[in-house]
Each structure stands twice: as C-alpha cells, then as structure tokens.
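Chains, contacts and geometry: an overview
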Amino acid sequence: MWDIPTLEIGTSKIICMIAAPDRSRNLPISAILPYEGIKEGSFMDRSRAENAIVSVIEDAEVASSRQIGEIIVGVPGCFLKLEKLEVSTEVMGENVSRGDIDALRRQAMPTNYADAKHIETRFAYFTDDDGEIYAEEPIGQKTYTLSACVVNAYASREFTDVVENALAKLKIDIACYVGEGLAQALHYIPAEERDKSAILLDIGQTETTVSAVYADAVLAEATIDMGSFDVTGDLAIAIDADIQTAQNLRRNYIFGIDADHGDLIFGKDETGRMRGYDVVKVRSTIEKRMRIILGEITKALA
C-alpha cells in the first residue's frame, strides 16, 4: 500500500502524504493545510473543508511531481461508528477451514444506515471450544464450534459526502477508508502489546479520541470534545498572552524543552520575541486543564 497516497483530515489541519516518484526517500512527501476544522463531531464549514481537501492534494501532487489516481482516506474518530458482534458456527469438518471463516463473516453482515457508510468488517479474535483465543484465523485448528468477535466500521455520511465531493472534482478514486485509530494502533503499538490489549489516545486540537485496541482491531472508540486548543486557550487567559505565545509555552512544557529560568518560563510571542511568564502559573494552568481532559478520558473508559 506504500504506493497509494493517504489523506488525513484532522480537527485543525489536513495532511496528504505521497511517496516520492523515485522511491529514494524513506519518508513520503507531505502537504499540510490548516483549515476551519472539526468541532463537536461536525465540520465547522463543509464547503471550505472540501476546498481545503482539493488544495492540499494539489499541493502534494506538485511537491511530489506525481498525479494521484486513488487515495486512502483516514476517518477521524468523531466520524466513526463501530459495531461489535459475537458470532459462532459449527465446524463442518474436524478442523477449521476457510469455509468456516466465511460462514462467520456472513453472519456479521453490516447494517444499512441512512447516515453512515460501511467501510470495513474486521475479525478481532476467534475462540474455540476450550476458550482458547486466536488473534489470527485458526485455520487447521480442531474444534467443534468456532466463535469470533467481529467489528463493523461505519463512516458518517457527513464525512464521506465532503470527502467524495472534493475527490470527484479531482477525478480521484478512493482506494479505501481506514479508521485513524486503527491505523495509528497498527503503526505505533507493537503487536505483542496489542495482543494483550491497549488503549490509544489521540489528542487533537479540538477533540480527543480514545480507542480500545485488541490484536489487529479497535473494539470501541469514544470522542471527547476537548483537546490541545482548550489548554492553549486557558493558558492565554491565565497569563494574559496571545494565542501564539500560549501555544509555544504549551509545547515547551509538553515536550520538556528547558525554557525554565528560576521563577520564569520563556516562550516566543507572535512577533518572534522571547517573553518570560510566571512558571508556577503556566504549569498549574496546563495541569488543571489536563486533569479535566484525563477525567473525561477516564469516564470514556468506564
């Protein structure tokens, strides 16, 4: 799938990544474009979101000297719906066969929703008569009954309409939709950790997504209407600074950049000048908002 470009639509920016034409680079070429964004699970301006998608793809094509014919689209958690199903079948022979796996898949047919589009059916795990759990298809294993946990994923029609309208203008086909939580989990979390189950947190600018991961599937997701911009806004008010300064101070704090000189912590303002602020007030303000966000994450996990 390396040759297929990807489109990621975040809460405040859109990213298009595309492989270099000569494959000489280990990293893909990317184009990034800030836009009005997403708030409370909806695009703040659908028309401008469409235009931003068109612009960022055109920028990526120019930067890579390639023309995109098809693209993989990441679906943010706020536009994603997951349905978890438990299915089982009697094994036809002495050992599990491809036919038994297909029988399970037929039982997990997706629901037709007016406001959501089915994008994937994925097996999370399988179990046999003895309760043994298999992350991979247990072809050849002996059991009388084979059960499975299956996850059907759906993308909001609001999201797919915006994306498909934009791509139609460029005559680009969609290779597939992929839940961003799933893509991040498979990329960032080692398989041995996913096989024990894991929690993935994606803190965006205006929203935070919490994903429960097991093996190669996301079993459940929740979206919280708070993100890094809430931290920045609180900080700007507390220290009476512009947003750019507050954002720089927040980044310094989060990434552990040592800009602390005694009672002051320094950050660049919107003009590029370094200014000092009370270190106690900066830290207490950031940590107060993060405690609120962590509290909401705890509720989502309950």
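In the block above lies the structure referred to throughout.
Within each chain, residue numbers correspond to sequence positions counted from 1 in written order. Totals for whole chains, interfaces and linings use all residues, but because this is a predicted model, local features are given only for residues with pLDDT of at least 70 and pairs of side-chain atoms are given and counted only at 80 or more. Remark: hydrogens and water are excluded; side-chain values derive from all non-hydrogen atoms of the structure.

Some remarks on the environment of E86
For the record, the criterion: A helix here means a DSSP run of H or I that spans at least four residues, while a strand means a run of E at least two residues long, and both kinds are numbered starting from the N terminus. Residue contacts are counted whenever heavy atoms from the two residues lie within 4.5 Å of one another.
Positionally, E86 belongs in strand β7 (residues 80-90). Put simply, E86 and A148 are 62 residues apart on the chain and 5.9 Å apart in space, counted from C-alpha to C-alpha. With sequence-adjacent residues up to four places away left out, E86 is seen in contact with Y125, A148 and C149.

Quick word on a negative patch on the surface
To keep it simple, the criterion reads: Patch construction takes residues with relative accessible area above 30% that form no salt bridge. Like charges are linked within 9 Å, and nonpolar side chains (Val, Leu, Ile, Met, Phe, Trp, Tyr) are linked within 5 Å. Note that accessible areas follow from Shrake-Rupley with a 1.4 Å probe, and for residues the cover is restricted to the protein chains shown. Any carboxyl oxygen of Asp or Glu within 4 Å of a side-chain nitrogen of Lys or Arg constitutes a salt bridge here. Neither His nor the chain ends is counted toward charge; the positive residues are Lys and Arg and the negative residues Asp and Glu. A charged residue contributes its charge at one atom only: NZ of Lys, CZ of Arg, CG of Asp or CD of Glu. Relative accessibility thresholds used throughout: buried, under 20% of the residue-type maximum; exposed, over 50%; partly exposed, between the two (1.4 Å probe, protein chains only).
A cluster of acidic residues, E90, D129, D130 and E132, forms a negative patch on the protein surface. Mapped onto the secondary structure, D130 falls in the loop between β8 (116-127) and β9 (133-134). According to the relative accessible area criterion, D130 is exposed, its value standing at 75%.

Digging into the packing of helix α7 (residues 243-254) against helix α8 (residues 279-301)
How two helices pack is summed up by the angle between their axes together with the distance between the axes. Using the following cut-off: Angular values range over 0 to 180 degrees, each being the angle between N-to-C directions of two axes fitted as lines to C-alpha atoms, with helices fitted over their stretch in contact. Between 65 and 115 degrees an angle is taken as roughly perpendicular, under 35 as roughly parallel, over 145 as roughly antiparallel, and anywhere else as oblique. Here the nonpolar group is Ala, Val, Leu, Ile, Met, Phe, Trp, Tyr, Cys and Pro; Asp, Glu, Lys and Arg are the charged ones; every other residue, Gly included, is treated as polar.
Running from N to C, α7 and α8 point in directions that differ by 80°, and their axes come no closer than 11 Å. As far as their axial angle goes, α8 and α7 are roughly perpendicular. Contact residues: L249, R250 and Y253 in α7; V282, R283, I286 and E287 in α8. Looking at side-chain class alone, the contact of α7 with α8 contains 4 nonpolar, no polar and 3 charged residues.

By themselves, these observations are geometric and do not establish any function.
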